[in-house]
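Take a look at the letters that make up each chain.
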Amino acid sequence: MTGELFSPLHLRSGQVLKNRIAKAAMEENMAGDGQVPDEKLFTLYRQWAAGGTGLLITGNVMVHAEALTGPAGVVLDEYAPLGPFTDWAEAGKSGGGAIWMQINHPGRQVASDMPGVVWGPSDIGVSLGKHSSRFGRPTAMTAQQIDDTVTRYAVTAHRAEKAGFDGVEIHAAHGYLLSQFLSPLVNKRTDRWGGSLENRARMLLDIVKAVRSAVSPPFAVAVKLNSADFQRGGFDAEDARQVIGMLEPLGVDLVELSGGSYESPAMTGRSTDTRTQAREAYFLDLAEDLVTTSPIPLMLTGGITRRGTAQKVLDSGVAVIGMGTALAVTPDLPDRWRGGREADRRMRPVKWSDKALASAASMAQVRHQMRRLARGSNPRPGTHPAIALVAEQRKQRTALRRYRAWLAKPSGAA
């Protein structure tokens, strides 16, 4: 599965990625009216498409209109108009690469001021110390709600294909719903969805099966999985190894490895685990172990900013290099690498001691860069994280009012 950065990758579905560089999912929180993409996202993705990336993976698109990670989240359910999504797919493919839609349900990771539902495998809330009240208290899902959610994923995938996307990535990492079911710390169920790893993985496996049945054979199906949760007693690398083995017979094209959750935000380099600190490629040590046994090509995301690091990751056996922040700052980074150049800008680091606040500020900084790109402006990575965070909070308050009004309409119900 190794290869040069600019060599093609043939997937089991028959799809061919033109190179090994992927724009990993970053939650844009830039939905237009009606929780659908608009010109802002089209402009943003045309910029990335023009930069030489072989694969663009969208920020998470919600399968359930009443359960969003943020009030400006994009929703693709059975009621959403397809036109805006068709335009989004066309923008993403305008540079000759592929575009996949990441599809997701937040589960318990829903802000306490959001309308709608807060669900989880169990009624265990997000634990962030003094910040815990930022999230709603979840209720344990019923069997019917689980079945309905499986169907929602299949509906979203089917409609994504109709809109022109080349694939979907099912988000089972970062502490969202499917990651919650996988975690023995959060999933305390005693029925067929709890207990053993096979039971905790059941919802993810059922969703993969339903999605694969709802789309055509050439349509790619990927899964984003934590290499570890970085919490004592949580989902770990051996669990990840076993789940990858369970996914292989189901026709999965690619597994993206990341790590962490809101409680231990390793995906922003802020976990307490020394393996993710002070270096690029946060999860490479874990990926190097998993790649030796994985029957599915792996993609690694987290902290990769330089070509030398990307090549090191490829040399380890990983098939695809995923980048997020680096492409928000330098959208043409793949073309620069091809020409022997590196990025000339880096994001201003957040060195706050409060991990939860630092993680929120880091994400606000990235969204600030994406919004500048969406306006046709150059990124400004030196923006102070506090300024980015305050601006993000203001935008979220405006978006929350709009989302509340939209959800109250009959057409917004799910």
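Presented here is a report on the structure given in the accompanying data block.

The rules behind the values
Sequence order as written defines the numbering, with residues in each chain counted from 1. Local features are withheld for residues below a pLDDT of 70 in this predicted model, meaning they are given only at 70 or higher, and side-chain atom pairs are given and counted only at 80 or more; totals for whole chains, interfaces and linings count all residues. Hydrogen atoms and water are omitted, and side-chain values are computed over all heavy atoms in the structure. Centre distance within 6.5 Å is the pairing criterion for rings of Phe, Tyr and Trp, where only the six-membered ring of Trp is used; planes under 30 degrees apart are then read as stacked, over 60 as edge-to-face, and the remainder as tilted. Think of it this way: any DSSP run of H or I at least four residues long counts as a helix, any run of E at least two long counts as a strand, and we number them from the N terminus. Partly exposed residues are those whose accessible area sits between 20% and 50% of the maximum for their type, while under 20% is buried and over 50% is exposed, using a 1.4 Å probe and protein chains only. Counting as a charge over the ring demands two things of the Lys NZ or Arg CZ atom: a distance within 6 Å of the ring centre and an angle within 35 degrees of the ring normal. Residue contacts are defined here by distance: any two heavy atoms, one from each residue, within 4.5 Å place the two residues in contact. In this description, strands pair whenever DSSP reports at least two bridges between them.

### With respect to the packing of aromatic side chains
Within the structure shown, the criterion is met by five aromatic pairs. Ring centres of Tyr45 and Trp48 lie 5.0 Å apart, and the angle between their planes is 85°; this geometry places the pair in the edge-to-face category. Of the two residues, Tyr45 and Trp48 are both situated in helix α1 (residues 39–50); the distance of three residues between them amounts to about one turn of the helix. For the pair Tyr45 and Trp48, a shared accessibility class is recorded, and that class is buried. Measuring from ring centre to ring centre gives 5.5 Å for Tyr45 and Trp88, while their planes differ by 85°; the resulting arrangement is edge-to-face. Of the two residues, Tyr45 sits in helix α1 while Trp88 sits in helix α2 (residues 83–92), which places them 43 residues apart along the sequence. Judged by relative accessible area, Tyr45 falls into the buried class, the value being 0%. Members of the aromatic cluster, joined through ring pairs, are Tyr45, Trp48, Phe85, Trp88 and Phe165. The lysine or arginine in question, Lys23, covers the ring of Trp48, its NZ or CZ lying 4.6 Å from the ring centre. Between Arg192 and the ring centre of Trp193, over which it is positioned, the NZ or CZ distance is 5.0 Å.

### Thoughts on the environment of Leu389
In this fold, Leu389 is placed in helix α13 (residues 385–408). Classification of Leu389 by relative accessible area gives buried; the value is 11%. Counting along the chain gives 274 residues from Leu389 to Pro115, while the straight-line C-alpha distance between them is 22 Å. When neighbours within four sequence positions are excluded, Leu389 is seen to be in contact with Trp352, Leu357, Ala360, Ala361 and Ala364.

### As for the side chain of Ser13
Position of Ser13 among the secondary structure elements: in the loop between β1 (9–10) and β2 (16–17). Given the relative accessible area of 14%, Ser13 is considered buried. Apart from the residues within four sequence positions on either side, Ser13 is in contact with Pro217, Pro218, Phe219, Ala220 and Asp253.

### Regarding the pairing of strand β6 (residues 98–104)
Burial analysis of β6 places seven of its seven residues in the buried class, which makes it a mostly covered element. The alternating pattern of β6 places Ala98, Trp100, Gln102 and Asn104 on one face and Ile99, Met101 and Ile103 on the opposite face, and all of these are buried. For strand β4 (residues 55–57) and β6, the ladder comprises three bridges, and the chain directions are parallel. Bridge pairing in β6 places Ile57 opposite Trp100. Relative to β6, strand β5 (residues 61–62) runs parallel, the two sharing two bridges. Looking at β6, one finds that Met62 is bridged to Asn104.

By themselves, these are just geometric observations and shouldn't be taken as functional.
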